[in-house]
Amino acid sequence: MTPFSQSLEQKFQELMARYPARRSALVPMLIYGQDELGYLPPAAIARIAELLDESEMAVREVIGYYSMLRLQPAGTYHVQVCTNISCLLRGGDELMEHCQHRLGIGNRETTKDGVFSLEEVECIGACSWAPAVQVNYDFHQELTPERLDQILDAYQQRAGAGERAGERA
Ligand code: FES
């Protein structure tokens, strides 16, 4: 029994064949699985463990290590605000506070309508363009609260139009 689509199951087979050690496919499988389901429920963990002939505990340990992997559903748009040193010096904290106020949620919470979730994160590799925010797979840089409002407005509109941004091709 699998919670994944047939096409993703096929992709898993290709990933596992790509590496000399099948276990090396674990992280990409988790990322693709999360992309499809929105998070990694127990059924997803069990299926990936089965495919890799690993224990569910071993899979959960890897999920626990990577902050981008989630055991709980996130919003359609997962807003990750960097407050690490470069962003902190250029207003990252203010952006985080602004998001909390604007969205009415705290760190690692999801809005009631499920459109946005919010997370304070460590460096996302955009230090030269701080302060930076990542929404799903989209990067937004050199932000001010006003510019961030415009960006969140655009995502809100997309959610209303039934689209989903930042998905992998
Ligand atoms: S410190 Fe924020 S992107 Fe590096």
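What counts, and at which threshold
- Residues numbered from 1 in each chain as written.
- Predicted model: local features only at pLDDT ≥ 70, side-chain atom pairs only at ≥ 80, totals over all residues.
- Helix = DSSP H or I, 4+ residues; strand = E, 2+ residues; numbered from the N terminus.
- Expected span 1.5 Å × (residues − 1).
- Buried ≥ 20, exposed ≤ 12 C-beta atoms within 10 Å, placed from the backbone.
- Arc of directions from axis to C-beta.
- Pairing = 2+ DSSP bridges.
- Contact = placed C-beta atoms within 7 Å.
- Axes fitted to C-alpha atoms, helices over the stretch in contact; angles between N-to-C directions.
- Domains from an automatic or database assignment.
- Parallel < 35°, antiparallel > 145°, perpendicular 65-115°, else oblique.
- Left-handed = near helix turned anticlockwise from the far one by under 90°.
- Nonpolar A, V, L, I, M, F, W, Y, C, P; charged D, E, K, R; others polar.

J.: Can you tell me about helix H6 (residues 92-103), naming the residues and giving the values?
T.: A rise of 1.5 Å per residue sets the reference length of H6, with its twelve residues, at 16 Å; its end C-alpha atoms lie 16 Å apart and thus fit the reference within 8%. By the burial criterion, the buried members of H6 are Gly-92, Leu-95, Met-96 and Cys-99. Down the axis of H6, the smallest arc covering the buried residues is 100 degrees, so these residues share one side. Of the residues trailing H6, Gly-104 is marked for its positive phi of about 70 degrees.

J.: Tell me what's going on with the sheet that holds strand E5 (residues 138-140), and back it up with residues and numbers.
T.: Spatially, five strands are ordered E2-E3-E1-E4-E5 in an open sheet, and the strand pairing comes out mixed. If you trace the sheet from one side to the other, it starts and ends with strand E2 (109-110) and E5, each paired once. Two strands pair when backbone bridges link them, and E2 and strand E3 (residues 116-121) are joined in this way by two bridges, in the antiparallel orientation. Counted as the bridge partner of Glu-109 is Leu-118 from E3. In the packing of H6 onto the sheet, contacts are made with strand E1 (77-82), E3 and strand E4 (133-135), and the angle to E1 comes to roughly 150 degrees.

J.: How would you explain the domain arrangement of the chain if you had to name every residue and give the values?
T.: Each domain of the chain was delimited in the assignment, giving domain 1 (6-65) and domain 2 (77-160). Averaged C-alpha coordinates put domain 1 and domain 2 at centres separated by 28 Å.

J.: Account for the packing of helix H2 (residues 26-37) against helix H3 (residues 42-52), with residues named and values stated.
T.: Their axes nearest at 11 Å, the elements H2 and H3 cross at an angle of 150 degrees. Classed by the angle they form, the pair H2 and H3 counts as roughly antiparallel. Read as a crossing pair, H2 and H3 show a hand that is right-handed. Every residue of H3 that contacts H2 at Leu-26, Met-29, Leu-30, Gly-33 and Leu-37 is listed here: Ala-44, Ile-48 and Leu-52. Among the residues making up the contact of H2 with H3, the classes are represented as seven nonpolar, one polar and no charged.

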